[in-house]
Amino acid sequence: MTSKKEIKLALYLIGAGMHVAAWRHPSAQANASIDIQALQKVAQIAERGKFDIAFVADSLAINHESHPHILNRFDPLIQITALASATTKIGLGATASTTYSEPYVLARQLMSIDHISNGRVAWNLVTTADATGETALNFSRDKHWEHDHRYERAEEFIDVVQSLWDSWEDDAFLYDRDNNLFYDRLKVHETSFKGNYLSVKGPLNIARSVQGQPVIVQAGASKPGQQLAARTAEVVFVHWDDIEKSKEHYRQLKAQLPPFGRKEEELLVLQGISPIVGDTEEEAIRKFNELQSLIDPYESLKFVSGYMGNVDFSKYSLDTPVIEVEFPEVNSIQSHFYEHLEIIKKENLKVGDLYARLFGPAKRDAFVGTPTQIADEMERWIIEQAADGFMLQFPLLPRDLEDFVDKVVPILQERGIYRKDYTGTTLREHLGLKKPLNRFAKSKVNQE
């Protein structure tokens, strides 16, 4: 197989790894999620592998069912600021909620880090999945907003943030000592936004960065999520169960771009995968089985519960057919909840099968194998237009990342489908995205 389209790669950076039992592995650092030097080391390995982004997820509430490395971790914005000081090229993505944040504060924080990193920041815009069912209680609210309600606010939120980022035209600051002109008053603009949810005057008290604005990342696969992504996102993370479903979503999402005046190459789709590399297939399977052996079945089901409506699986034996489980209405990750239900019904899964079948880091698939097998499968997804690249959710860190960088990356490079070195300095340059024009400067040109 040959393809000249350059694969894009993002690292999902989480403690000792994405597998729910990763922290128990003999080679793991159990407290990696709050050891900034360990996290910086992992980001540096990804940078050695010429990755586009090191990405940090988030949640705003925890309970006894949370993933171990979600229970105890840094705020994503603070973490990527620290990662910026330990890296020079790799992009840095952080999750922040439109439901539980204020646009002025978040716009300022993200733009500050974009300056600190010299234009390497991405914002993963989320409306908050509320895996615990208790997030609202941490923010002086009685109830988590309904799904569509959250997306209505998100539509306003991103417009406000991007408008604030354009408060200053690129050449607004003059620093003219002789004429006592710090800035050009005609090149600073108020946002003056009034919507159904938000009211923000502006301007923001920080200039645009070298890449103009942070890159916008999203992961919503529901209809409102797809609409928001088609209008505003530049990178979309997806986690489809197989290549055919991913191809269908890829076509649907790209087809929604033209009405917003956008081209296909302006939105990159990254599929979540969890590679485990072995010099032989048997070695890769052994590594996989070793992690699986560390799973406490009911502990893993607690993690599953957060994605399936907070069901108490302890009431059921592991041999119980999942179709007998009573699932409540989900006000969370709706698209994946319904995809999971479809798989459960089609394959007649038992309760004890859920974590290993539905969650990538515990799923044995074509990405558990030799370097060549994994490279072949990655290239197939690109050739068949199922994705533009991958979000790599390594089961065990840093082991699986190091194996991938040392053994899979060289194969992708030899095939001419992955960069041998960074050719730019900003995240937009890595991803092949243009620096956005300042909307206020652009409107002045149009008026003239």
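All of these numbers come straight from a predicted model, not from anything done at the bench.

(A) The overall build of the protein chain, seen in detail. Looking only at helices and strands, the protein chain features 15 helices and 14 strands. Taken over the C-alpha trace, the protein chain has a radius of gyration of 22 Å; the compact-globule value for 448 residues is 22 Å, and the two agree within 12%. A principal-axis box enclosing the C-alpha atoms of the protein chain has dimensions of 75 × 55 × 40 Å. Buried positions account for 57% of the 448 residues belonging to the protein chain. A total of about 19700 Å² of accessible surface is found on the protein chain, and carbon and sulfur atoms cover 49% of it. Here the protein chain contributes 51 positive and 64 negative side-chain charges, whose respective centroids are spaced 4 Å apart.

(B) Spotlight on empty space enclosed by the protein. In total, this model carries 1 cavity of 30 Å³ or more according to the counting rule given. Size it by volume and the largest cavity reaches roughly 80 Å³. If you go around the largest cavity, the residues you meet are Tyr12, Leu13, Ile14, Gly15, Ser33, Leu39, Val56, Ala57, His69, Arg73, Phe74 and Gln79.

(C) Molecular detail of the pattern of salt bridges. Summed over all chains, the structure comprises 32 salt bridges. For Lys5, the salt bridge identified is with Asp388, shortest N-O distance 2.4 Å. Of this pair, Lys5 sits in the segment before strand 1 (8-12) while Asp388 sits in the loop between helix 12 (371-383) and strand 14 (389-392), placing them 383 residues apart in sequence. Given the relative accessible area of 33%, Lys5 is considered partly exposed. We note a salt bridge from Asp403 to Lys287, for which the minimum N-O separation is 2.8 Å.

(D) Structural view of helix 7 (residues 243-255). For helix 7, which comprises 13 residues, the first-to-last C-alpha distance of 18 Å matches the rise-based estimate of 18 Å (1.5 Å per residue) to within 8%. With a side-chain oxygen positioned 3.1 Å from the backbone nitrogen of Glu244, the residue opening helix 7 is Asp242.

(E) Structural context of the pairing of strand 10 (residues 235-238). Across the two faces of strand 10 the burial is the same, with Val235 and Phe237 and Val236 and Val238 all buried. The handedness of the strand 9 (residues 215-218) to strand 10 crossover, carried by helix 6 (residues 223-232), is right-handed. When strand 10 meets strand 11 (residues 268-273), the two strands line up parallel, connected through 4 bridges. Note on strand 11: the bridge partner recorded for Val238 is Gln271. Tracing the backbone out of strand 10, into helix 7 and back to the parallel element strand 11 gives a crossover that is right-handed.

(F) Broad picture of the packing of helix 3 (residues 76-86) against helix 4 (residues 103-116). Where helix 3 meets helix 4, the axes come as close as 9 Å, and the angle between the chain directions of the two elements is 10°. Taken together, helix 3 and helix 4 sit at an angle that is classed as roughly parallel. Contact with helix 3, carried on its side by Leu77, Ile80, Thr81 and Ala84, involves Leu106, Gln109, Leu110, Ile113 and Ile116 of helix 4 and no other residues of that element. A class-by-class count of the residues in the contact of helix 3 with helix 4 yields 7 nonpolar, 2 polar and no charged.

(G) Spatial organisation of the nonpolar core. Ranked by internal contacts, the top residues of the largest apolar core, which has 68 residues, are Phe51, Trp123, Met378, Phe390, Leu401 and Phe404. Take this core: its biggest share by element is 8 residues, from helix 5 (residues 147-165). In this view, Phe404 contacts Leu9, Phe51, Pro275, Val277, Ile374, Met378, Leu392, Phe394, Val409 and Leu412; residues no more than four positions away in its chain are not counted.

(H) Just the sheet that holds strand 4 (residues 121-126), in detail. Pairing is parallel in the closed barrel, where 8 strands are placed in the order 1-2-3-4-9-10-11-14. The mean inter-strand angle of the sheet, taken between neighbouring strand axes irrespective of direction, is 30°. Sheet analysis places strand 3 (residues 91-97) next to strand 4, joined by 6 bridges and oriented parallel. Residue pairing across strands places Ala96 opposite Leu125, the latter belonging to strand 4. Seen against the sheet, helix 7 touches strand 10 and strand 11 and runs at an angle of roughly 160° to strand 11.

Rules of the game
- Residues numbered from 1 in each chain as written.
- Predicted model: local features only at pLDDT ≥ 70, side-chain atom pairs only at ≥ 80, totals over all residues.
- Heavy atoms only, no water.
- Helix = DSSP H or I, 4+ residues; strand = E, 2+ residues; numbered from the N terminus.
- Rg over C-alpha atoms; globule rule 2.2 N^0.38 Å.
- Buried < 20%, exposed > 50% of the residue type's maximum accessible area, 1.4 Å probe, protein only.
- Areas by Shrake-Rupley, 256 points an atom, 1.4 Å probe, with all protein chains shown as cover.
- Lys, Arg positive; Asp, Glu negative; His and termini not counted.
- Charge placed at Lys NZ, Arg CZ, Asp CG, Glu CD.
- 1 Å grid on protein atoms, 1.4 Å probe; cavity = no way out; pocket = protein on both sides within 12 Å on 5 of 7 lines; lining within 4 Å.
- Points joined across faces, edges and corners; volume = space filled by probe spheres on them.
- Salt bridge = Lys/Arg side-chain N within 4 Å of Asp/Glu carboxyl O.
- Expected span 1.5 Å × (residues − 1).
- Polar contact = N/O pair within 3.5 Å; in protein donor to acceptor, adjacent residues only side chain to side chain.
- Right-handed = clockwise from strand over helix to strand, strands pointing away.
- Pairing = 2+ DSSP bridges.
- Axes fitted to C-alpha atoms, helices over the stretch in contact; angles between N-to-C directions.
- Parallel < 35°, antiparallel > 145°, perpendicular 65-115°, else oblique.
- Contact = heavy atoms within 4.5 Å.
- Nonpolar A, V, L, I, M, F, W, Y, C, P; charged D, E, K, R; others polar.
- Core = buried A, V, L, I, M, F, W, Y, C linked by side-chain atoms within 4.5 Å.

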